[in-house]
Amino acid sequence: MKKHNFSAGPCILPQSVLQKSADAVLNFNNSNLSLIEISHRSKDFVAVMDNARDLALEHLGLQNKGYQALFLQGGASLQFLMAAFNLLEKKAAYLNTGTWSNNAIKEAKLLGEVVEVATSKSDNFNFIPKNYNIPADADYFHCTSNNTIFGTQMQSFPETQIPMVCDMSSDIFSRQLDFSKFSLIYAGAQKNMGPAGTTLVVIKEDILGKVSRAIPSMLNYKVHIEKESMFNTPAVFPVYVSMLTLEWLKDLGGISAIEKVNNQKAELLYNEIDRNPLFEGFVPKKEDRSKMNATFNLKNDELKATFEDHIKQAGINGLNGHRSVGGYRASMYNALPLESVQVLVDVMQALEKGA
Ligand SMILES: *Cc1c(COP(=O)(O)O)cnc(C)c1O
């Protein structure tokens, strides 16, 4: 039987998507050829790329609004550099909410001045800073919508006149937002969309072309836009699986439908963390808690072995916390069913009853 997969990333994907992906690896579109042994410039694959790009914009409500969707390589980590390469002329403003923000800041500093508008570092990133000032003369503002490692999530975004750039790797397509507030959104596929190996970049075209530096082709958003995400050989398999996941989401009713389920899952688990005297949450402020990654711990370390044995018995996978936080992290991405969260809650209750 399939495990209850709470892995933080690469993470659970819909079973129907895995089945269709496996079929396409053996025989793509009844061509008697594998998806991964045909030209990326073939009619069938170009259709996949176009469909994936269109679906991404459609889900985000950004069609015909001056945005382009790209499927690039190098992970979200390359976007830390690429965003700065294309947008940072003098100075950029960054909100530091954890490891990934910090890595983004590190790359941007190679190319210009970085103003850290606020940080939650003093409390091991267990909250989202609010009420900070964003300098109006910065080239852009960068934030991380969901902090995968610490389990915090931005529930609102600041109002600013400068372009807003957001790393949405671990909560893209999980909740409705006014995505048109953002000029650049990027997300590694392996958290909520597909296998590792491709990164979705959604960019408002009119913010490009404003820096004076020469940009190498592979790092240049304009080049990738012009070549329709096929400047070089794209990650054909990850793009195909991402396309299938976006189709799956559309069939379910889109972001608004999945958001309802995501809210139910988060409520079920956080209620248990708060109620069960054996556990404590890592993020104290309810409004800062991530609906994708719930971080928590046992109050009494002596129960660790028993709890972990119960977890294993129940067929639960991927619950270990990140080494910088410890404890447990339940990642509840789009494809994780509500029933899996119920299984985890049942294990927590059984532990309380001494079963
Ligand atoms: C996982 C993750 C990254 C790093 O992604 P890679 O694709 O491995 O480079 C960046 N940001 C966030 C928010 C993440 O969760």
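The model shown is predicted, which means the values in this text are computed figures rather than measured ones.

On to the site of the ligand, then. The local shell around the ligand holds 13 residues, among which Ser77, Thr148, Asp167, Gln190 and Lys191 are the closest. Separating an oxygen atom of the ligand from a side-chain N or O atom of Thr148 is a distance of 2.4 Å. Asp167 is positioned such that a nitrogen or oxygen atom in its side chain is 2.6 Å from a nitrogen atom of the ligand. Taken by itself the ligand offers 390 Å² of open surface, and the protein chains cover 87% of this. When residues in the shell around the ligand are grouped by element, the largest group, 4 residues, is from helix α3 (residues 75-87).

Mapped onto the present numbering, the UniProt feature "binding site: L-glutamate" (unreviewed entry) falls on Arg41. You can see Arg41 is positioned in the loop between α1 (15-26) and α2 (43-60). When sequence neighbours within four positions are dropped, the list of residues in contact with Arg41 reads Val46, Met230 and Phe231.

Moving on to the pairing of strand β14 (residues 328-331). Residues Tyr328 and Ala330 point to one face of β14 and Arg329 and Ser331 to the other, with burial holding for every one of them. By the bridge criterion, 4 bridges tie strand β12 (residues 293-298) to β14 in an arrangement that is antiparallel. Counterpart to Thr295 in the pairing with β14 is Arg329.

Cross-referencing UniProt, the feature "binding site: pyridoxal 5'-phosphate" (unreviewed entry) maps to Ala76, Ser77, Trp100, Thr148, Asp167, Gln190, Asn232 and Thr233 in the present numbering. Their sequence span is 158 residues, while the largest C-alpha to C-alpha distance among them is 30.2 Å; these annotated residues do not converge on one region. Looking at where Asn232 falls in the secondary structure, it is placed in the loop between α5 (221-226) and α6 (236-252). Setting aside its immediate chain neighbours within four residues, Asn232 contacts His40, Gln73 and Met218. Assignment of secondary structure puts Thr233 in the loop between α5 and α6. Among all residues touching Thr233, those that are not within four sequence positions of it are His40 and Gln73.

Rules behind the numbers
Position labels on residues start from 1 in each chain and follow its written sequence. Owing to the predicted nature of the model, reporting of local features is limited to residues with pLDDT of at least 70; listing and counting of side-chain atom pairs is limited to 80 or more, with chain, interface and lining totals taken over all residues. Note: side-chain values were computed over all heavy atoms of the structure, leaving out hydrogens and water. Summary of the distance rule: residues count as near a molecule or strand when at least one heavy atom falls within 4 Å of that molecule or strand. Polar contact is the term for a pair of N or O atoms within 3.5 Å; when the atoms are in protein, one must be able to donate a hydrogen and the other to accept it, and sequence-neighboring residues count only if both atoms are side-chain atoms. All accessible-area figures derive from a Shrake-Rupley calculation using a 1.4 Å probe, and residue coverage is judged against the displayed protein chains alone. Secondary structure counts use DSSP, requiring at least four H or I residues in a row for a helix and at least two E residues in a row for a strand, with both numbered from the N terminus. UniProt positions are given in the numbering used here, feature names are shortened, and annotations may be inferred rather than shown by experiment. Throughout, a residue-residue contact means that at least one pair of heavy atoms, one from each residue, lies within 4.5 Å. Exposed residues in this analysis have more than 50% of their type's maximum accessible area, buried residues have under 20%, and partly exposed residues fall in between, with area computed by a 1.4 Å probe over protein chains only. Should DSSP find at least two bridges between two strands, the strands are regarded as paired.

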